[in-house]
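For reference, the chains in residue letters:
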Amino acid sequence: METKRVAIAGFGNVGKGVIEVLLQKQIPELKLEKIIVKHPEKTRPFGVDSNLITTDSSQVVQDPNVDVIVEVMGGIEDAASLILAALHNGKDVVTANKAVISQRGNEIFSLATKVGRTVGFRGTFVGCNALIHDLSLSAGRIHRMRAILNGTCNYILSHMAHTGISFEQALKEAQEKGYAEVDASEDVDGIDTARKIQILLGVISNTYNIPSDIPCEGIREITLQDIQYARELGYAIKLIGVIERKNDSATVFVRPVLVPQGTMLASIEDANNAIELENDLGVVSGLIAPGAGTYPTTVAIINDLLDIAHGAALMMPTSNIPVALNDIGDIQGRYYLRLTVVEQPGVLAQITRILGDHNISLASIIQKESVSAESVSVIITTYQVREKELRAAMQQVDHLQVVKAKTEIIHILE
């Protein structure tokens, strides 16, 4: 078997892990040829032969002694330029950069298909990569996917549930433990999960022509009260990415949802990820795994490199057939509503009258004890309703004088 000569672009946390494995020279199919860095004088966590270090990426992508480029430098534009240049020069590519794959994947996969090269991207999913790799073998057969794909958000929500701390406190704790960046916006606003769901939609549909406007909500508005009320109702709150495919269209979204206690997704704790798949025969499978870290990402990248070395098929989408997204407002589902209202007679009558005018049936109404002298929380769960009808009704409800804050609306996923 021919040894694949590998160049690594980036020497951060992820690059460090891959470089360390390749320097041990225990994988005969892979040889470290070059390391591309921006700052060669920077102190590294372990010694590296200076002959391996270069700042000239253009020279590396044209080097006939390099077979594969591993892009772990981060960012979008520079990373995309490097990947495209590598493909143009006949190199295979492996990346852990979910941002570049989600935003420039159409261009990257189109070129890779045209020139007959491979782009491995297991590392964009870290923990769930073992299951995701098999998706390309089932392209077209996956009917539904539900996934927890962001360890930061899952850590925050599970620790709010177990310790009774606020969102702000849980986020600070996640940052202190290294589960969240100083600026955790991409995590808590759902952007990271939306990028992964976008990539997954392309994998299970075998197309790189994927819409970029995935409906996305984050977890900033989830309060400790929501988590406690959800538990009383028999649910846990999780940030979930959903893909439901039917014929030539798909319903896709990322949002916090209520999931029934006792299910796999409800049981996921700390910074772990999970993915649940249902195929066209109704068979459900899943995987739970760590959602972050240098080592899991390193393993994912090495697995891609080994597949390339062995000539195995990777999960790269190869067609340009567009995927049509269904209107999120057409979802039929049940919903949890948390209203903040004044404590006086007749309030519930005003609210239920509006909901009734929109043909919204209520499963339960719970009025909690006053949290302040001015207001009280009312928790409502609905039966099946079209989402756009519910949101139209709640817009009217929120304009009532007795309602003191915008209603929190959370999808109940069953």
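Structure shown above.
Please read all numbers here as calculations on a predicted model, not as lab measurements.

Peer 1: Can you break down the packing of helix α12 (residues 347-357) against helix α13 (residues 387-398) residue by residue, with the values?
Peer 2: Across the interface, α12 lies against α13 with an axial gap of 9 Å and an inter-helix angle of 150°. Relative to α13, the element α12 lies roughly antiparallel. Seen along the crossing, α12 lies across α13 with a hand that is right-handed. Between α12, through Ile351, Ile354 and Leu355, and α13, the contact on the second element is made entirely by Ala393, Met394, Gln396 and Val397. When its residues are assigned to classes, the contact of α12 with α13 shows six nonpolar, one polar and no charged.

Peer 1: Any details on the pattern of salt bridges? Residues and values, ideally.
Peer 2: Counted according to the given criterion, the structure contains 23 salt bridges. Here Arg146 makes a salt bridge to Glu244, at a shortest N to O gap of 3.9 Å. Highlighted residues: Arg146 in strand β7 (residues 142-148) and Glu244 in strand β8 (residues 235-246), separated in sequence by 98 residues. The closest approach of N and O atoms between Arg255 and Glu387, which form a salt bridge, is 2.9 Å. Separated by 132 residues along the polypeptide, Arg255 in strand β9 (residues 249-260) and Glu387 in helix α13 bring together distant segments of the chain.

Peer 1: Break down the sheet that holds strand β2 (residues 30-36) for me, with residues and values.
Peer 2: In spatial order, the strands read β3-β2-β1-β4-β5-β6; together these six strands make up an open sheet with parallel pairing. Single-partner strands in this sheet number two, and they are β3 (53-54) and β6 (119-120). Contacts between helix α3 (residues 77-88) and the sheet are confined to β1 (4-9), β4 (68-71), β5 (92-95) and β6, with β4 contributing the most and set at about 170° to the helix.

Peer 1: Tell me about the environment of Thr163, and please be specific about residues and values.
Peer 2: If you trace the backbone, Thr163 turns up in helix α6 (residues 151-163). Assessed through its relative accessible area of 45%, Thr163 is described here as partly exposed. Along the chain, Thr163 and Pro28 lie 135 residues apart, while their C-alpha atoms are 48 Å from each other. Polar contacts involving the side chain of Thr163 include one to the main-chain carbonyl oxygen of His159, which spans 2.5 Å.

Peer 1: If you had to explain the nonpolar core to someone new, which residues and values would you point to?
Peer 2: Within the largest apolar cluster, 73 residues are counted, with the highest numbers of intra-cluster contacts made by Val119, Ile156 and Ile219. Leave out the neighbours within four places in its chain, and Ile219 touches Cys153, Ile156, Leu157, Phe167, Val188, Leu239 and Pro256. Formed by 35 residues, the second largest nonpolar core is a distinct cluster that contains Ile331, Leu337, Val378 and Leu400.

Peer 1: Can you tell me about the environment of Gln350, naming the residues and giving the values?
Peer 2: Relative to the helices and strands, Gln350 resides in helix α12. By relative accessible area, Gln350 is classed as partly exposed at 25%. Between the C-alpha atoms of Gln350 and Cys216, which are 134 residues apart in sequence, the distance is 31 Å. Gln350 has contacts with Leu400 and Val402, leaving out every residue within four places of it along the chain.

Peer 1: Describe in detail the layout of surface pockets, supporting the description with residues and values.
Peer 2: Reported here for the second largest pocket is a volume of approximately 320 Å³. Lining the second largest pocket we find 15 residues, and of these Arg391, Lys406, Thr407, Glu408 and Ile409 sit closest to its centre. Residue assignment for the lining of the second largest pocket shows that the elements contributing at least two residues are α13 and β17 (408-412). A per-element tally of the lining of the second largest pocket places α13 first, with four residues. Grouping the amino acids of the lining of the second largest pocket by side-chain chemistry returns four nonpolar, three polar and eight charged.

Peer 1: Give a description of the packing of α6 against helix α10 (residues 224-232) that names residues and reports values.
Peer 2: Between α6 and α10, the shortest axis-to-axis distance is 10 Å and the interhelical angle comes to 70°. Looking at the two axes, α6 sits roughly perpendicular to α10. Across the interface between the two elements, Leu157, Met160, Ala161 and His162 of α6 pack against Leu224, Ile227 and Arg231 of α10. Across the contact of α6 with α10, the residue classes break down as five nonpolar, one polar and one charged.

So, how was this worked out
Residues numbered from 1 in each chain as written. Predicted model: local features only at pLDDT ≥ 70, side-chain atom pairs only at ≥ 80, totals over all residues. Heavy atoms only, no water. Axes fitted to C-alpha atoms, helices over the stretch in contact; angles between N-to-C directions. Helix = DSSP H or I, 4+ residues; strand = E, 2+ residues; numbered from the N terminus. Parallel < 35°, antiparallel > 145°, perpendicular 65-115°, else oblique. Left-handed = near helix turned anticlockwise from the far one by under 90°. Contact = heavy atoms within 4.5 Å. Nonpolar A, V, L, I, M, F, W, Y, C, P; charged D, E, K, R; others polar. Salt bridge = Lys/Arg side-chain N within 4 Å of Asp/Glu carboxyl O. Pairing = 2+ DSSP bridges. Buried < 20%, exposed > 50% of the residue type's maximum accessible area, 1.4 Å probe, protein only. Polar contact = N/O pair within 3.5 Å; in protein donor to acceptor, adjacent residues only side chain to side chain. Core = buried A, V, L, I, M, F, W, Y, C linked by side-chain atoms within 4.5 Å. 1 Å grid on protein atoms, 1.4 Å probe; cavity = no way out; pocket = protein on both sides within 12 Å on 5 of 7 lines; lining within 4 Å. Points joined across faces, edges and corners; volume = space filled by probe spheres on them.

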